[in-house]
Amino acid sequence: MVLILEIATIVGLFDYVTGFELDFFAFYLVPVILAVWFVGRGFGIFVSVLCVVVSIAGDVIAGAR
């Protein structure tokens, strides 16, 4: 579970560093798929919501309106 959260964090960092001009939404699927496959549906939903929050927060911090 920790590895899945770390992957989501790394994708979020790359999303933030590249700015809001590039879309990283496809890369956020990797931790979600891993979470559902290896842990379960509930954790998959948690990771998907976490990825959405990280994606939006990274875009806002990078300067998107």
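Quick note: structure is the one above.
Just so you know, these numbers come straight off a predicted model, no measurement behind them. (Residues numbered from 1 in each chain as written. Predicted model: local features only at pLDDT ≥ 70, side-chain atom pairs only at ≥ 80, totals over all residues. Heavy atoms only, no water.)

Engineer: Sorry if this is basic, but what is going on with the overall build of the protein here?
Structural biologist: A count of helices and strands for the protein gives three helices and zero strands. Tracing the protein from N to C terminus, the helices and strands come up as α-α-α. Seen through its C-alpha atoms, the protein measures out along the principal axes to roughly 35 × 15 × 15 Å. Each of the 65 residues in the protein was classed as buried or not, and the buried ones make up 28%. Excluding contacts between residues fewer than 6 apart, the proportion of contacts in the protein whose partners are at least 24 apart in sequence is 55%. Element-wise, carbon and sulfur atoms account for 76% of the exposed surface of the protein, whose accessible area totals about 4600 Å². (Helix = DSSP H or I, 4+ residues; strand = E, 2+ residues; numbered from the N terminus. Buried < 20%, exposed > 50% of the residue type's maximum accessible area, 1.4 Å probe, protein only. Contact = heavy atoms within 4.5 Å. Areas by Shrake-Rupley, 256 points an atom, 1.4 Å probe, with all protein chains shown as cover.)

Engineer: Where do I start with the packing of helix H1 (residues 2-18) against helix H3 (residues 41-62) in this structure?
Structural biologist: When two helices pack together, their arrangement is captured by the angle between the axes and the distance separating the axes. One can describe the packing of H1 onto H3 by two numbers: an axis separation of 9 Å at closest approach and a directional angle of 20°. One element, H1, and the other, H3, form an angle in the roughly parallel class. As H1 runs across H3, the sense of the crossing is right-handed. Residue-level inspection shows Ile4, Leu5, Ala8, Gly12, Asp15 and Tyr16 of H1 in contact with H3, the latter providing Phe43, Phe46, Val47, Leu50, Cys51, Val54, Ser55, Gly58, Asp59, Ile61 and Ala62. Of the residues in the contact of H1 with H3, the class split is 12 nonpolar, three polar and two charged. (Axes fitted to C-alpha atoms, helices over the stretch in contact; angles between N-to-C directions. Parallel < 35°, antiparallel > 145°, perpendicular 65-115°, else oblique. Left-handed = near helix turned anticlockwise from the far one by under 90°. Nonpolar A, V, L, I, M, F, W, Y, C, P; charged D, E, K, R; others polar.)

Engineer: Before we go on, may I ask you to explain the packing of aromatic side chains in this structure?
Structural biologist: Two descriptors summarise a pair of aromatic rings, namely the distance from one centre to the other and the angle between the planes of the rings. Scanning the model with the defined rule gives two aromatic pairs in all. Between Phe24 and Phe27 the ring centres are 5.3 Å apart and the planes differ by 45°, which places this aromatic pair in the tilted class. (Phe/Tyr/Trp six-rings, centres within 6.5 Å; stacked < 30°, edge-to-face > 60°.)

Engineer: Explanation requested: H1 in the structure shown.
Structural biologist: Given 3.6 residues to a turn, an α-helix orients residues that are three or four positions apart in the same direction. Between its first and last C-alpha atoms H1 spans 24 Å; for 17 residues at 1.5 Å apiece the expected length is 24 Å, and the two agree. When H1 is considered as a whole, its buried residues turn out to be Ile4, Ala8, Val11, Gly12 and Asp15. Around the axis of H1, the buried residues are gathered within 100° of arc, so they sit on the same side. Opposite the buried face of H1, at more than 90 degrees from it, the exposed residues are Val2, Leu3, Leu13 and Val17. Taken together, the buried residues of H1 touch helix H2 (29-38) and H3. Once H1 finishes, Gly19 follows within two positions and takes phi at roughly 90°, a positive value. (Expected span 1.5 Å × (residues − 1). Arc of directions from axis to C-beta.)

Engineer: Can you walk me through the side chain of Asp15 in this structure?
Structural biologist: The residue Asp15 is located in helix H1 in this model. Those residues in contact with Asp15 that sit more than four places away from it in its chain are Leu22, Phe24, Tyr28, Ser55 and Asp59.

Engineer: Please explain the nonpolar core as it appears in this structure.
Structural biologist: Note that soluble globular proteins tend to have their nonpolar side chains buried in a common cluster. Core analysis: the largest hydrophobic core is formed by 10 residues, namely Ile4, Ala8, Val11, Phe24, Tyr28, Val32, Ala35, Phe43, Val47 and Cys51. Among the secondary structure elements, those contributing two or more residues to this core are H1, H2 and H3. If near-sequence neighbours (up to four positions away) are discounted, Val32 is found in contact with Gly44, Val47, Ser48 and Cys51. (Core = buried A, V, L, I, M, F, W, Y, C linked by side-chain atoms within 4.5 Å.)

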